[in-house]
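So you can see what is in the structure, the chains are spelled out below.
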Amino acid sequence: MRNWIVLALLIVAAIAWPPQWYPRAWRAEIATWLGPSAYDALPSTLPADAIDAEIACPESPAGLRAAQIIDGVTIDASPTCESDDPNAVAAFVRGTNNVSAETLAASGLTSDAVEKGRDLDGDGDPDEIHIRLEIVELNGGSPELPEPATQYAIAPGIQPGLWAFAPKYVGMATENFESLRARRQLRLPSPAIRVEQGDTIRVTLENGHYMPHTVHLHGVDHPFVDVTGEGNDGTPIASELPVMPGAARTYEVQPREAGTAFYHCHVQPHVHVMMGLQGLFIVEENRPNNWLQTLNVGAGLVRARSEAVREAYDREYDLHYMDIDSDLNDRVQRFNDPRLITASMHRDYDITDATTDFFLLNGRSFPYTFRDSLVVVAPDERVKLRVVNGGMDSVGLHTHGHRVTVTHRDGIEVDAASQELRDVVTLDSAQRLDLLLDTTDDGLHSYGPGVWLFHDHGYRAITTDGIGPGGHISAIVYEDYLSDDGWPMTQGVSFAPYFSAEYYRKTVPVWRSYAPDLFGDPGRDYSLFVRLIVLAACLSAIAALSVTSRRRQS
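Since we're looking at a predicted model, the values are computed, not measured. (Residues numbered from 1 in each chain as written. Predicted model: local features only at pLDDT ≥ 70, side-chain atom pairs only at ≥ 80, totals over all residues. Heavy atoms only, no water.)

1. Focus on the overall build of the protein chain
Part 1: When you go through the protein chain residue by residue, the secondary structure sums to 12 helices and 25 strands.
Part 2: By the burial criterion, 51% of the 554 residues in the protein chain qualify as buried.
Part 3: Counting only contacts in the protein chain whose residues sit at least 6 apart along the sequence, the fraction spanning at least 24 positions is 71%.
Part 4: Surface accessibility of the protein chain: about 25,900 Å² in total, with carbon and sulfur atoms responsible for 55%. (Helix = DSSP H or I, 4+ residues; strand = E, 2+ residues; numbered from the N terminus. Buried < 20%, exposed > 50% of the residue type's maximum accessible area, 1.4 Å probe, protein only. Contact = heavy atoms within 4.5 Å. Areas by Shrake-Rupley, 256 points an atom, 1.4 Å probe, with all protein chains shown as cover.)

Written out as structure tokens, the structure is:
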């Protein structure tokens, strides 16, 4: 009887054995005996869950985007759906110590954030500038809550830990007492700083952070030591001790050459710079009555251009590229003890094993780049783009529908005879380029109005943690292709999936909106699973019978 049971189990096991496990020759032979197997229908498409998508272009507070004059400062319109605060722009131009009390209060800045002093050369603008910077932590760990504090999303649902230099603000770091979201002025990148050639500049770092930091002026003409003999280069292994928590340090500079430069922390720079402590530092050419927008928070459109830029260009944009290794940035969310954070970031983390996961333009990734980092233009314009690569990967910046001219490299003008039109320009880490975007519709400089993408042609950089589209994709958008709320009038696919956290968590089929039945998620085929269960049961039963038989024989 037992033998018949074993035989029956073997037959069932042979039937349950997955056909794909047989050698190809066996499968052909079995088909000649039993005939070809029946057609296995494909699993049906699973029903699509509703996507919880954000509003693509949130309504801006009244009056922020319009062109206006505040305290005598002419502020250009901001055409994109999110814009800088014009009160802060006015305070950065006049100086927080010179604007009206109403403007200062509306800006949220302290009265000493950007102080402007005497006109030393009598040309109608201040020549003594004192900038005070603090350090903010975004998406850091909280001792009381399981979620990050001072939250700042670079894309839907994505909140890596970040550090940034910031001007001094009054009040809370968050929107209000009940919110964990960072106030709108606190963001990446660290603000672009603009000063005038020959001016006396003081930059004070007031370090309220839990780690030591410095400010290094990369590519900016400055002395190695200041007038007191203290180090002035911001490099702890060469010029001075770092600024410890609770302390302050003032850097002095009187730049003799104009150009686009860079500033960043130089304490453990392989960590601190990649956490976000970096920004553009721009030295403008000296001109009479040259009131500069000393800080451009979040980079992007310069709403109060210098006199030199107004002479040659119709618009100006600061474009700051970064990349992020989440293995580094997320470490500040694991602990609240500075000793543990320092050990994790500066001893355990190994940048030589790093892989970049997120790619940012002006502190955000697609689709958020379409909210405030579009390059909006009109036909027959000359547009100045100041570009820096603050990441560790090279950027191969490609412009659709246009070619750009590299006019300056690392702040140095390129000889006119050597300038050339390119539709891909490459920036290595920490490199700066000044680009001329000419929108003349001649088939050479521009192909005409539209919504033309510009992006890194390194294919990792057009993804967010491997999901595309993402990264630092943005666009050159002509005004006729911009809606009243500042959103570009595209003619392609719906942006709704890209504004959902689920899409970037990889739970939404990429092309579901095109053809749900064709590109949705398939239902599960459990036939193989059932075969394996039956096969395992038969083999287990045969083994059990064999053991029982041996025990009886013994």
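2. Here's the deal with the packing of aromatic side chains
Part 1: One pass over the structure, following the stated rule, counts 16 aromatic pairs.
Part 2: Measuring from centroid to centroid gives 5.4 Å for Phe366 and Phe370, while their planes differ by 90°, and the two rings are edge-to-face. For the residue pair Phe366 and Phe370, the accessibility class agrees, reading buried in each case.
Part 3: Consider the rings of Trp487 and Phe495, whose centres lie 5.6 Å apart with planes at 90°: the pair is edge-to-face. Like Phe495, Trp487 is buried.
Part 4: An aromatic cluster is built from Phe366, Tyr368, Phe370, Trp487, Phe495, Tyr498, Phe499, Tyr503 and Tyr504, whose rings are joined through pairwise contacts.
Part 5: Lying across the ring of Tyr251, Arg249 places its NZ or CZ 5.0 Å from the centre.
Part 6: A cation over a ring is seen here: Arg382 above Tyr313, with NZ or CZ 5.3 Å from the ring centre. (Phe/Tyr/Trp six-rings, centres within 6.5 Å; stacked < 30°, edge-to-face > 60°. Lys NZ or Arg CZ within 6 Å of the ring centre and 35° of its normal.)

3. A closer look at the sheet that holds strand E22 (residues 424-427)
Part 1: With mixed pairing, the five strands of this open sheet are ordered in space as E16-E25-E24-E18-E22. At either end of the open sheet lies a strand with only one pairing partner, and these are strand E16 (375-377) and E22. The average undirected angle you get between the axes of adjacent strands in this sheet is 20°.
Part 2: As paired strands, strand E18 (residues 395-399) and E22 are joined by four bridges and run antiparallel to one another. The partner of His398 across the bridge, within E22, is Val424. (Pairing = 2+ DSSP bridges. Axes fitted to C-alpha atoms, helices over the stretch in contact; angles between N-to-C directions.)

4. Here's the deal with unusual backbone geometry
Across the chain, the bulk of peptide bonds are trans and the bulk of non-glycine residues have phi less than zero.
Part 1: Omega for the peptide link from Phe366 to Pro367 comes to 10°, which places this bond in the cis form.
Part 2: Positionally, Pro367 belongs in the loop between strand E15 (358-361) and helix H9 (369-372).
Part 3: Put simply, Gly468 and Pro469 share a cis peptide bond, and its omega is -5°.
Part 4: If you check the backbone angles, Gln268 has positive phi at about 40° while not being a glycine.
Part 5: With a relative accessible area of 35%, Gln268 lands in the partly exposed category.

5. Observations concerning the layout of surface pockets
Once rolled over the atoms, a probe with the size of a water molecule shows which space is left empty.
Part 1: Empty space within the largest pocket amounts to approximately 1,100 Å³.
Part 2: For the largest pocket, the lining is made up of 48 residues, of which Glu82, Arg184, Arg187, Arg364 and Arg371 are closest to its centre.
Part 3: Mapped by element, the contributors of at least two residues to the lining of the largest pocket are helix H3 (86-94), strand E12 (295-296), strand E13 (300-301), strand E14 (315-324) and H9.
Part 4: The dominant element in the lining of the largest pocket, judged by the number of residues it contributes, is H3, at three residues.
Part 5: A class-by-class count of the residues in the lining of the largest pocket yields 21 nonpolar, 13 polar and 14 charged. (1 Å grid on protein atoms, 1.4 Å probe; cavity = no way out; pocket = protein on both sides within 12 Å on 5 of 7 lines; lining within 4 Å. Points joined across faces, edges and corners; volume = space filled by probe spheres on them. Nonpolar A, V, L, I, M, F, W, Y, C, P; charged D, E, K, R; others polar.)

6. Some points on empty space enclosed by the protein
Part 1: A complete count under the given rule lists four cavities of 30 Å³ or more for this structure.
Part 2: Of the voids in this model, the largest cavity is the one considered here, and its volume is about 70 Å³.
Part 3: Taken together, Lys116, Pro126, Ile129, Arg194, Val195, Glu196, Asp199, Asn290, Trp291, Leu292 and Thr294 form the lining of the largest cavity.
Part 4: Take the lining of the largest cavity: its biggest share by element is three residues, from strand E6 (residues 192-196).
Part 5: Of the residues in the lining of the largest cavity, the class split is five nonpolar, two polar and four charged.

7. Digging into the pattern of salt bridges
Part 1: Within the structure shown, the criterion is met by 33 salt bridges.
Part 2: Among the salt bridges present, the one from Arg386 reaches Asp434, with a minimum N-O distance of 3.5 Å. Remark: Asp434 occurs in strand E23 (residues 432-438) and Arg386 occurs in strand E17 (residues 382-389); sequence separation between them is 48 residues. (Salt bridge = Lys/Arg side-chain N within 4 Å of Asp/Glu carboxyl O.)

8. Remarks on the side chain of Asp125
Part 1: Relative to the helices and strands, Asp125 resides in the loop between strand E3 (114-116) and strand E4 (128-138).
Part 2: At 8.7 Å, Lys116 is the nearest oppositely charged side chain to Asp125, a buried residue that forms no salt bridge.
Part 3: A polar contact is formed between the side chain of Asp125 and the backbone nitrogen of Asn289, at a distance of 3.4 Å.
Part 4: Looking at Asp125, its side chain comes within polar contact range of the main-chain nitrogen of Asn290, at 2.8 Å. (Lys, Arg positive; Asp, Glu negative; His and termini not counted. Polar contact = N/O pair within 3.5 Å; in protein donor to acceptor, adjacent residues only side chain to side chain.)

9. Here we look at the nonpolar core
Part 1: Residues Phe165, Phe281, Leu319, Met345, Val375, Leu385 and Leu435 are the most contacted members of the largest nonpolar core, which totals 102 residues.
Part 2: Among the elements that take part in this core, E4 stands out by supplying six residues, more than any other.
Part 3: Counting residues in each nonpolar core, the second largest holds seven residues, with Ile70, Val73, Ile75 and Val93 among its members. (Core = buried A, V, L, I, M, F, W, Y, C linked by side-chain atoms within 4.5 Å.)

10. Let's talk about a nonpolar patch on the surface
Part 1: Taken together, the side chains of Val12, Phe529, Val530, Ile533 and Val534 define a hydrophobic patch exposed on the protein surface, amounting to about 420 Å² of accessible area.
Part 2: Per-element accounting of the nonpolar patch gives the leading share, four residues, to helix H12 (residues 527-553).
Part 3: Note that Val12 resides in helix H1 (residues 2-16). (Patch = residues over 30% accessible without salt bridge, like charges linked within 9 Å, V, L, I, M, F, W, Y side chains within 5 Å.)

11. A closer look at the pairing of E6
Part 1: For E6, the tally of buried residues reaches five of five residues, placing the bulk of the element in the interior.
Part 2: In E6, alternate side chains face the same way, and those of Ala192, Arg194 and Glu196 on one face and Ile193 and Val195 on the other are all buried.
Part 3: Bridging between E6 and E12 involves two bridges; their strand directions are antiparallel. Pairing of Ile193 across the sheet is with Leu295, part of E12.
Part 4: Looking at chain direction, E6 and strand E11 (residues 278-284) are connected through four bridges and run parallel. Looking across to E11, one finds that Val195 is bridged to Val283.

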